[in-house]
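# Tertiary structure, described
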Amino acid sequence: LLAVVASPLQRRLERRYRRHPRLLAAAISFVTVALGIGVVVFMGYFVVRELLRYLTETAPAHAAAFEHWLHAPRMTRLLHRVGQTPNGVMREAQSYGHSIVAHLTDIVGGLLAATSHVVLIVIFTTITSYYLLLEGPALARFAVRMVPLPRPETRALMHEFHEVAIGTLLCIGVIALVQ
């Protein structure tokens, strides 16, 4: 999809800089992948920073307020009616907190393990988009010759695929902005 969206830019720049099609394809591929990685890193940084801020600054205050609420006379009477004590409820809450921390630790470990897969995906995406930008028109001509449909229908299908790919990416971008 990167090459489908970036191909009009490639064609426009090739008209200006005819002698450097490989450099243009490499630059467009690099910038596209760098922007994608930049957005992911930027968002990841802020999510992790806000999570750590919550865990170090806000969560202890919430825990203290919860404990104070549990030890209120009315809540203590209510807990005694169901056979519990405020300290027992606090122990259970701490047990659930430890369980959550263990799950978060597993998630972080999984994310670190997935990093190698992401690196490979980024490398192959960059290489694929580079070659699609360079060889896209020749590949389209080859597909028109090889598909067992009449050429006008094949070209119409390719045009529709191009329009759908652009529309999909634009919708994803708009939804991301709205969120």
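Above this text you will find the structure in question.
Residues numbered from 1 in each chain as written. Predicted model: local features only at pLDDT ≥ 70, side-chain atom pairs only at ≥ 80, totals over all residues. Heavy atoms only, no water.

## So, helix 4 (residues 86–146)
An ideal rise of 1.5 Å per residue puts 90 Å on 61 residues; helix 4 reaches only 74 Å between its terminal C-alpha atoms. Its maximal kink placed at E135, helix 4 deviates by approximately 70°, while the proline P137 follows within four residues. Buried within helix 4 are the following residues: P86, G88, M90, S129, Y130, L133, L134 and V144. (Helix = DSSP H or I, 4+ residues; strand = E, 2+ residues; numbered from the N terminus. Expected span 1.5 Å × (residues − 1). Bend = angle between axes of the 7 residues up to and from the residue. Buried < 20%, exposed > 50% of the residue type's maximum accessible area, 1.4 Å probe, protein only.)

## Here we look at the side chain of T154
Relative to the helices and strands, T154 is located in helix 5 (residues 151–178). Since its relative accessible area comes to 4%, T154 is described here as buried.

## Some words on the nonpolar core
Among the nonpolar cores identified, the biggest contains six residues, and these are A6, A25, I28, Y130, L133 and L134. The element that contributes the greatest number of residues to this core is helix 4, accounting for three residues. The contact partners of I28, leaving out residues within four places of it in the chain, are A6, L9, Q10, L13 and L133. (Core = buried A, V, L, I, M, F, W, Y, C linked by side-chain atoms within 4.5 Å. Contact = heavy atoms within 4.5 Å.)

## Section: the pattern of salt bridges
Under the definition given, this model contains two salt bridges. R49 is paired through a salt bridge with E50; the nearest N and O atoms lie 3.4 Å apart. On the accessibility criterion, E50 (35% relative accessible area) is partly exposed. For R53, the salt bridge is made with E50, and the minimal N-O distance between the two is 3.2 Å. With a gap of three residues between them, R53 and E50 both fall in helix 2 (residues 21–70), about one helical turn apart. (Salt bridge = Lys/Arg side-chain N within 4 Å of Asp/Glu carboxyl O.)

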